[in-house]
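In case you want the letters, here they are:
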Amino acid sequence: MSNFKKLVIEPLRKTNPVTVLVLGICSCLAVTAQLKPALVMGASVTVVTALSNFIISLLRKGIPSRIRIIVQLVVVAALVILIDQFLKAFAYDVSKQLSVYVGLIITNCIIMGRLEAFALSHGPWESFLDGLGNGLGYSLILVVVAFFRELLGSGTLLGYQVIPQSFYEAGYMNNGLMILPPMALIIVGVIIWIQRTRHPEMQENQN
Amino acid sequence: MELFKLLIKSVFVDNMIFAYFLGMCSYLAVSKTVKTSAGLGLAVTFVLVVTVPVNYLINKYLLSPGALTWISPKLASVDLSFLTYILFIAIIAAIVQILEMVIETFTPALHSALGIFLPLIAVNCAILGCSLFMQERGFGNVGEAAVFGLGSGLGWLLAITTIAAIREKLRYSKIPKGLQGVGISFIITGLMGVAFMAFMGIKL
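What comes next is a walk through the structure. In this text, all values refer to a predicted model and were calculated from it rather than measured experimentally.

## Here's the deal with the overall build of chain B
Line of reasoning, step 1. Within chain B, the regular secondary structure consists of 9 helices and 0 strands.
Line of reasoning, step 2. Start at the N end of chain B and walk to the C end: the helices and strands fall as α-α-α-α-α-α-α-α-α.
Line of reasoning, step 3. Counting only C-alpha atoms and orienting by the principal axes, one finds that chain B spans roughly 70 × 45 × 35 Å.
Line of reasoning, step 4. Here chain B holds 204 residues, and the buried ones make up 51% of them.

Spelled out as structure tokens, the structure:
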């Protein structure tokens, strides 16, 4: 149980892949203009991280270390193709919205990072949990960023209007800047700031 | 002239970092000094110029629906586009390996400048992303694909050297404790992104 807790819960906070290890930023920022694609993306990455960690951990004794990157890429790419086809079949509009970012899960550094740092030296079940935890940690940041961007940028959540009409009549305006790409970076910056202020041991020394 | 427009557009308007966030991981990790960032930027540009046209050909003659007709008309109904990801990434990984060997043999000086970065590049999302954008936008010929690769690479080079220069200067300023390091880099990139949005108004 404690092992489970350590592997799955820690990446949500203390060793969060996005805000602490700074991995997998690219897709994290691009898909967060709305909540729905962010949820789908988070779920896809979690599935791919968990399964690829599991598979590579099973194969770890058979892979020659010189060609391990290629083997890892092939396993991950195969999983991503499955996800991509699945999304195209069951959630076509979201898959269109995510466009190339589904494919970019392959080069998401969280996945490669966990494969290299964890799956190559641990058993399959532990690796699976580690992948799950890191995927969830990634999804958490994605959802938080998307929540604020959609709420402040479009006044909706998952496409439903949440800011009442009377606000708009009283002169409230959506912040169009929130929809634009640069704001995602600034929100992640602020999340990091808040997190590191609460946990001073994470702070970096000025060079 | 069309090619020139495409080049300018892919450097400034569709900048890989500020508009699509591609290659952010190495962008944040390596941008501590201008010298290394310029090296990585050059390596990325170099790899993009080679991989995008190659992937363009792969896409045109192997992957897109009906692409196999040049082998035999019977294959017109074959659609291999679901293999895109695996083939593109395999091509990129292979080209990076080959490039590293070629550079090492023929230009040792360049190799010592770019060498350490090349293996990293295979998993840089800017490279795969650029190929996927190339596929999505459907360029007319190899030349356009190559120019798109060049422009995207230069845009990335521009972004990483700029932020490295800013971060070098930042060492002398007082930043709140929680923001030091990664936090401030994110916010600076965001602000640079806002600045780069000014280029969106350019009509080419």
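## A short note on the nonpolar core
All names here are of chain B.
Line of reasoning, step 1. Membership of the largest hydrophobic core comes to 115 residues, with the highest contact counts inside it found for M24, Y27 and F186.
Line of reasoning, step 2. Here this core takes 10 residues from helix α4 (residues 84–106), the largest share from any one element.
Line of reasoning, step 3. In contact with Y27, other than residues within four places in its own chain, are I17, F18, W156, A159, I160, I163, T189 and M192.

## Some points on the packing of aromatic side chains
Line of reasoning, step 1. Scanning the entire structure with this criterion turns up 10 aromatic pairs over all chains.
Line of reasoning, step 2. Taken together, a centroid distance of 5.8 Å and an interplanar angle of 15 degrees make the contact between W125(A) and F128(A) stacked. Taken together, the residues W125(A) and F128(A), both in helix α8 (residues 124–154) and 3 residues apart, mark about one turn of the helix.
Line of reasoning, step 3. A residue is classified by how much of its surface remains accessible, and F128(A), at 22% relative accessible area, is partly exposed.
Line of reasoning, step 4. Both rings, one in Y20(B) and one in F133(B), keep their centres 4.5 Å apart while their planes meet at 45 degrees; by these two values the pair is tilted. Taken together, the residues Y20(B) in the loop between α1 (2–13) and α2 (24–30) and F133(B) in helix α7 (residues 125–137) connect sequence positions 113 residues apart.

## As for the environment of F54(A)
All names here are of chain A.
Line of reasoning, step 1. With respect to the helices, strands and loops of the structure, F54 is situated in helix α3 (residues 35–59).
Line of reasoning, step 2. Considered as a pair, F54 and P124 are 70 residues apart in the sequence and their alpha carbons are 4.9 Å apart.
Line of reasoning, step 3. In contact with F54, not counting residues within four places along its chain, are P124, S127 and F128.

## Overview of the packing of helix α3 (residues 34–63) of chain B against α7(B)
Residue and element names in this part refer to chain B.
Line of reasoning, step 1. It is the contact of α3 with α7, at a shortest axis distance of 9 Å, that shows an interaxial angle of 35 degrees. Note that α3 runs across α7; the crossing there is right-handed. Only A126, I127, C130, S131, M134 and Q135 of α7 make contact with α3, whose side of the interface consists of V44, V47, L48, T51, V52, N55, Y56 and N59.

## Some thoughts on the interface of chain A and chain B
Line of reasoning, step 1. Taken together, the contact between chain A and chain B spans 43 residues of the former and 44 residues of the latter.
Line of reasoning, step 2. Here chain A packs against chain B, burying approximately 3700 Å² in sum over the two surfaces, 77% of which is carbon and sulfur.
Line of reasoning, step 3. If you look at where chain A meets chain B, you find 0 salt bridges.
Line of reasoning, step 4. Across the contact surface, chain A and chain B share 2 residue pairs in polar contact (both at pLDDT 80 or more).
Line of reasoning, step 5. Looking at the side of chain A that touches chain B, the element that brings in the most residues is helix α10 (residues 181–198) of chain A, giving 12 residues.
Line of reasoning, step 6. By residue class, the composition of the side of chain A that touches chain B is 29 nonpolar, 11 polar and 3 charged.

## Some words on the pattern of salt bridges
Where charged atoms from two side chains of opposite charge come close, those side chains can pair.
Line of reasoning, step 1. Counted under the stated rule, the structure contains 5 salt bridges over all chains.
Line of reasoning, step 2. For D130(A), the salt bridge goes to R114(A), with nearest N and O atoms at 3.0 Å. Remark: R114(A) occurs in helix α7 (residues 109–117) and D130(A) occurs in helix α8; sequence separation between them is 16 residues.
Line of reasoning, step 3. Within this structure, K9(B), D14(B) and R137(B) form a network of salt bridges that share partners.

## What to know about the packing of helix α4 (residues 68–90) of chain A against α4(B)
Line of reasoning, step 1. Where α4(A) meets α4(B), the axes come as close as 9 Å, and the angle between the chain directions of the two elements is 155 degrees. For the element pair α4(A) / α4(B), the angle class is roughly antiparallel. Handedness of the α4(A)/α4(B) crossing: right-handed. Residues I70(A), L73(A), V74(A), A77(A), A78(A), V80(A), I81(A) and D84(A) of α4(A) form the contact with α4(B), whose participating residues are Y85(B), I86(B), I89(B) and A93(B).
Line of reasoning, step 2. Within the contact of α4(A) with α4(B), the residues separate by chemical class into 11 nonpolar, no polar and 1 charged.

Thresholds, definitions, all that
Residues numbered from 1 in each chain as written. Chains lettered and ligands numbered in written order. Predicted model: local features only at pLDDT ≥ 70, side-chain atom pairs only at ≥ 80, totals over all residues. Heavy atoms only, no water. Helix = DSSP H or I, 4+ residues; strand = E, 2+ residues; numbered from the N terminus. Buried < 20%, exposed > 50% of the residue type's maximum accessible area, 1.4 Å probe, protein only. Core = buried A, V, L, I, M, F, W, Y, C linked by side-chain atoms within 4.5 Å. Contact = heavy atoms within 4.5 Å. Phe/Tyr/Trp six-rings, centres within 6.5 Å; stacked < 30°, edge-to-face > 60°. Axes fitted to C-alpha atoms, helices over the stretch in contact; angles between N-to-C directions. Left-handed = near helix turned anticlockwise from the far one by under 90°. Buried area = accessible area lost by both parts, 1.4 Å probe. Salt bridge = Lys/Arg side-chain N within 4 Å of Asp/Glu carboxyl O. Polar contact = N/O pair within 3.5 Å; in protein donor to acceptor, adjacent residues only side chain to side chain. Nonpolar A, V, L, I, M, F, W, Y, C, P; charged D, E, K, R; others polar. Parallel < 35°, antiparallel > 145°, perpendicular 65-115°, else oblique.

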